[in-house]
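So you can see what is in the structure, the chains are spelled out below.
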Amino acid sequence: MVVYSFYIFDRHTECIYSRRWNPRPASSSSKASRPQSDIIANSGEPAPPQRKGLSREDDAKLIFGAIFSLRKLVQRLGGEDNHFLSYRTGEYKLHYYETPTRMKFVMVTDTKSNNLRVALHQIWANLYVEYVVKNPLSPIEHAGGVGVANELFEQGLERFVATVLA
Amino acid sequence: MVVFSLLIINKAGGLVYSREFHAGLAKLSSNDLLILAGTFHGVHAITRSLVPDAVRPVQPSTSISASTSTSGVNSTSAPAFPVRPSGLEVLESSHFRLTCFQTLTGTKFLLLTEPAQPNVDVVLKKIYELYADYVMKNPFYTVEMPIRCQKFDTGLDAFVRVRG
């Protein structure tokens, strides 16, 4: 299974953490020079050339818009207790998990993966709660992503994606 | 097999047909259905632009210029059909599954089924055939307008209900 990216949105609709993985370096030389991943808080580089006018922040906003609308659509059709789980296109699959506190965890993978709701729940319970919520130095609200991208959380996420989701 | 309902959205995002086969999902007014169709149309466009770079389809214009760079005039005069990201195809929720089939002309067929429904794409292909036979070949039908064709209704009933 290939994981392309991972996002966390807080209850104020803000993207507080985002991470991308480039699983296989593309054959074209223009893509090979791109960095392996980055965090929204310190992304200063310009967007990749083939994405016209779309930065990473824009991507996060688009993803939030899509899941927000789909969540509403699913609730309207199936009732209040109906949860939006995932969607798949011809190219990728997007998994969604929402905590009781309205934090939204999103993971984009290849199309062949099964539902990752359990994995996203584990990331929330074992990594986010342990390393971000229980961190005494971390603020309560992570405006601008402050406090989320700490070393332990990033290492844990890296290890989780490399071992559990490999 | 439970097929809850079928929606057909034209290429501008307007709802042209909606039909409920089995009760089970919330009853929506025609106004709500129109909003839903418009929302889905927008989200579908967003999901097409969110494709990760690693799997983004290579545009034929670049591949043609790379492979047949010598015959530049021919490649520009005969443009290949553009390869576009497909957009949302399957939406899973805990109560139902939504499968979207988009034709080459941009019309979208949405089928709402049980989460464990097999062979939805076969059902959608057959519905597309019925649409081609009874709607598009109907001389009194105006394209992009709401579908009111009795033969299409009965054909759908015969197909979906018999399989059910």
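No experiment lies behind these values; they were computed from the predicted model shown.

Peer 1: What am I meant to see in the overall build of chain B here?
Peer 2: Across its full length, chain B carries 5 helices and 5 strands. Written out in order from the N terminus, the α and β elements of chain B read β-β-α-α-α-β-β-β-α-α. Considering chain B as a whole, with its 164 residues, one finds that 41% of them fall into the buried category. A separation threshold of at least 6 residues defines the contact pool for chain B, and within that pool the share at least 24 residues apart is 51%.

Peer 1: What is the right way to read the sheet that holds strand β4 (residues 97–102) of chain B from this model?
Peer 2: Strand-to-strand pairing in sheets goes through backbone hydrogen bonds, with the strands running parallel or antiparallel. Across the sheet, which stays open at both edges, the 10 strands sit in the order β2(A)-β1(A)-β5(A)-β4(A)-β3(A)-β3(B)-β4(B)-β5(B)-β1(B)-β2(B) with antiparallel pairing between neighbours. The sheet is open, and its two edges are formed by β2 (15–20) of chain A together with β2 (15–20) of chain B, each paired on a single side. Put simply, the sheet's adjacent strands are angled 10° from each other on average, direction ignored. Taken strand by strand, helix α4 (residues 120–136) of chain B contacts β1 (3–9), β4 and β5 (108–113) of chain B, and its axis lies near 135° from that of β5(B). Contacting β1 and β2 of chain B, helix α5 (residues 150–163) of chain B crosses the sheet at an angle of about 45° to β2(B).

Peer 1: Explain the packing of aromatic side chains here, please?
Peer 2: Each pair of aromatic rings is reported with the distance of its centres and the angle of its planes. Residue and element names in this part refer to chain B. All told, the structure shown has 17 aromatic pairs over all chains when counted by the stated rule. Consider the rings of Phe 109 and Tyr 131, whose centres lie 5.1 Å apart with planes at 90°: the pair is edge-to-face. You can see Phe 109 sitting in strand β5 and its partner Tyr 131 sitting in helix α4, a full 22 residues away along the chain. Ring centres 6.4 Å apart and planes at 70° place the aromatic pair Tyr 131 and Phe 152 in the edge-to-face group. In this pair, Tyr 131 is assigned in helix α4 and Phe 152 in helix α5, connecting sequence segments 21 residues apart. We note that Tyr 131, like Phe 152, is buried.

Peer 1: How should I be thinking about helix α3 (residues 117–133) of chain A in this particular structure?
Peer 2: Since one α-helical turn is 3.6 residues long, residues separated by three or four positions face the same way. Residues and elements named next belong to chain A. Taking 1.5 Å of rise per residue, 17 residues should cover 24 Å, yet α3 covers just 20 Å from first to last C-alpha, more than 12% shy of that figure. At Leu 127, α3 shows its maximal bend, which comes to roughly 35°. Among all positions in α3, only Ala 119, Leu 120, Ile 123, Leu 127, Tyr 128 and Val 132 are buried. Residues of α3 that are buried make contact with β1 (3–9), β2, β4 (93–98), β5 (104–109) and α4 (151–163).

Peer 1: Explain the packing of α3(A) against α4(A) here, please?
Peer 2: When two helices pack together, their arrangement is given by the angle between their axes and by how far apart the axes lie. Residue and element names in this part refer to chain A. Running from amino to carboxyl end, α3 crosses α4 at an angle of 155°, the nearest separation of the two axes being 9 Å. Taken together, the axes of α3 and α4 lie roughly antiparallel to each other. Crossing hand, α3 versus α4: right-handed. Contacts between α3 and α4 pair Ala 119, Gln 122, Ile 123, Leu 127, Tyr 128, Tyr 131 and Val 132 from the former with Leu 152, Phe 153, Gly 156, Leu 157 and Phe 160 from the latter. Considered class by class, the residues forming the contact of α3 with α4 number 10 nonpolar, 2 polar and no charged.

Peer 1: How should I be thinking about the pattern of salt bridges in this particular structure?
Peer 2: For side chains of opposite charge, pairing can occur when their charged atoms come near one another. Residue and element names in this part refer to chain B. Within the structure shown, the criterion is met by 15 salt bridges over all chains. The residue Arg 19 makes a salt bridge to Asp 157 at a minimum N-O spacing of 2.7 Å. With Arg 19 in strand β2 and Asp 157 in helix α5, the pair connects residues that are 138 residues apart, well separated along the chain. Taking relative accessible area as the criterion, Asp 157 reaches 22% and is therefore assigned partly exposed. Note that Lys 27 and Glu 20 form a salt bridge whose closest N and O atoms lie 2.9 Å from each other. Overall, Glu 20 belongs to the partly exposed group, its relative accessible area being 37%. Through salt bridges that share partners, Arg 19, Asp 153, Asp 157 and Arg 161 make up one connected network.

Peer 1: Mind showing me how you'd approach the nonpolar core here?
Peer 2: Most often, soluble globular proteins have nonpolar side chains that are buried together. Counting 40 residues, the largest nonpolar core has Phe9(A), Phe84(A), Tyr87(A), Leu94(A), Leu91(B) and Leu98(B) as the members making the most contacts within it. Here this core gets 9 residues from one element, more than from any other, and that element is helix α2 (residues 56–78) of chain A. Those residues in contact with Phe9(A), other than ones at most four positions away along the chain, are Glu14(A), Cys15(A), Ala60(A), Ile63(A), Phe64(A), Ile67(A), Arg102(A), Met103(A), Lys104(A) and Val106(A).

Peer 1: How should I be thinking about helix α1 (residues 30–49) of chain B in this particular structure?
Peer 2: All names here are of chain B. For α1, built from 20 residues, the straight-helix expectation of 28 Å at 1.5 Å per residue is met to within 8% by its first-to-last C-alpha distance of 29 Å. Leu 33, Leu 36, Ala 37, Phe 40, Val 43, His 44 and Thr 47 are the residues of α1 that are buried. Viewed end-on, α1 has its buried residues packed into an arc of 135°, placing them on one side of the element.

Parameters and conventions
Residues numbered from 1 in each chain as written. Chains lettered and ligands numbered in written order. Predicted model: local features only at pLDDT ≥ 70, side-chain atom pairs only at ≥ 80, totals over all residues. Heavy atoms only, no water. Helix = DSSP H or I, 4+ residues; strand = E, 2+ residues; numbered from the N terminus. Buried < 20%, exposed > 50% of the residue type's maximum accessible area, 1.4 Å probe, protein only. Contact = heavy atoms within 4.5 Å. Pairing = 2+ DSSP bridges. Axes fitted to C-alpha atoms, helices over the stretch in contact; angles between N-to-C directions. Phe/Tyr/Trp six-rings, centres within 6.5 Å; stacked < 30°, edge-to-face > 60°. Expected span 1.5 Å × (residues − 1). Bend = angle between axes of the 7 residues up to and from the residue. Parallel < 35°, antiparallel > 145°, perpendicular 65-115°, else oblique. Left-handed = near helix turned anticlockwise from the far one by under 90°. Nonpolar A, V, L, I, M, F, W, Y, C, P; charged D, E, K, R; others polar. Salt bridge = Lys/Arg side-chain N within 4 Å of Asp/Glu carboxyl O. Core = buried A, V, L, I, M, F, W, Y, C linked by side-chain atoms within 4.5 Å. Arc of directions from axis to C-beta.

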